[in-house]
Amino acid sequence: MSPGGLRPGGPEDDGLPRAALRLTTGVTVLTARLDGRMHGATVSAAGVVSRSPLTIGAGLRQSSELLELALASGLFAVNVLSGRQAQVADWFASPRRPRGRAQFDVLEWDPDPATGLPLLRHTLARLVCRVTGQVAVGDHELLLAEAVDGGSGAGSPLLSYDGALHSAEFRDVVRRRWGRSLAATATVSLD
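Rules used throughout
Residues numbered from 1 in each chain as written. Predicted model: local features only at pLDDT ≥ 70, side-chain atom pairs only at ≥ 80, totals over all residues. Heavy atoms only, no water. Phe/Tyr/Trp six-rings, centres within 6.5 Å; stacked < 30°, edge-to-face > 60°. Helix = DSSP H or I, 4+ residues; strand = E, 2+ residues; numbered from the N terminus. Buried < 20%, exposed > 50% of the residue type's maximum accessible area, 1.4 Å probe, protein only. pLDDT = per-residue confidence, 0-100. Contact = heavy atoms within 4.5 Å. Arc of directions from axis to C-beta. Polar contact = N/O pair within 3.5 Å; in protein donor to acceptor, adjacent residues only side chain to side chain.

> For this particular structure, what's the right way to read the packing of aromatic side chains?
Given two aromatic rings, one states the distance between the centres and the angle between the planes to describe the pair. In the structure shown here, the tally under the stated rule is 2 aromatic pairs. Ring plane angle 50° and centroid distance 5.4 Å describe the contact between Phe-92 and Phe-104, whose orientation is recorded as tilted. Taken as a pair, Phe-92 in helix α2 (residues 86-93) and Phe-104 in the loop between α2 and β7 (109-111) lie far apart in primary sequence, 12 residues in all. For the pair formed by Phe-92 and Phe-104, the shared burial category is buried. On the basis of an interplanar angle of 55° and a centroid distance of 5.6 Å, the ring pair of Phe-104 and Trp-109 is categorised as tilted. The class for Phe-104 is buried, based on a relative accessible area of 0%. An aromatic cluster is defined as three or more aromatic residues linked by ring pairs; in this entry it consists of Phe-92, Phe-104 and Trp-109.

If you want it as structure tokens, here you go:
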């Protein structure tokens, strides 16, 4: 047993605890366009890193065509998938899908009016982002980008958890507001 009671994983995960896969993330499809080239890729390592200005961080393999297009154009779109879009996530993760514009022919999308970036329909959110920086992290690049436009839809998110895709069902949870007096006197189990 390792510190914190986590058991090391198998050889396929470099000895890291399989519990690391339990970091729950939303699933997105990033899209990019430059001249006549278009590409999309499923990404579960994308999220908000700053609210002011609204800055998104997204991890992409260094050999990724999407990374190449996003850096060359300075733009990419984040399409936040709903729990009903697991097939879209699988499609943009498949190495067997066609390349270029043809990969978009099997689903509904719109070009962003200002940039031409492919924006997928029926998503929870669509953000047009301007690249502001990048950081090398292992075999990936962390792209940092300011959201310059966007919109939202309805539904619940598609999540990546424990190496699989899941839909989310939201229920209110019990929360306690902590003030100075309550925190000083309360004995509460946080389990």
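Now, onward.
> In this structure, what is going on with the confidence of the model for the chain? I would like to understand it.
Confidence in the prediction of the chain, expressed as mean pLDDT, is 87, and 82% of residues score 70 or more. Across residues 1-13 the pLDDT falls below 50, and counting only partners more than four positions away or on other chains, this stretch makes 16 contacts in the model.

> Hey, could you run me through helix α1 (residues 65-73) in this one?
For α1, every residue scored as buried is listed here: Leu-66, Leu-67, Leu-69 and Ala-70. Buried positions in α1, seen along its axis, are confined to an arc of 165° and lie on one side of it. Looking at the packing, one finds that the buried side of α1 touches β2 (28-34), β3 (37-43), β5 (54-61), β6 (75-80), β9 (125-137) and β10 (140-152). Of the residues flanking the start of α1, the one acting as N-cap is Ser-64, its side-chain oxygen 3.0 Å from the backbone nitrogen of Leu-66. The first or second residue beyond α1 is Gly-74, which carries a positive phi of 80°.

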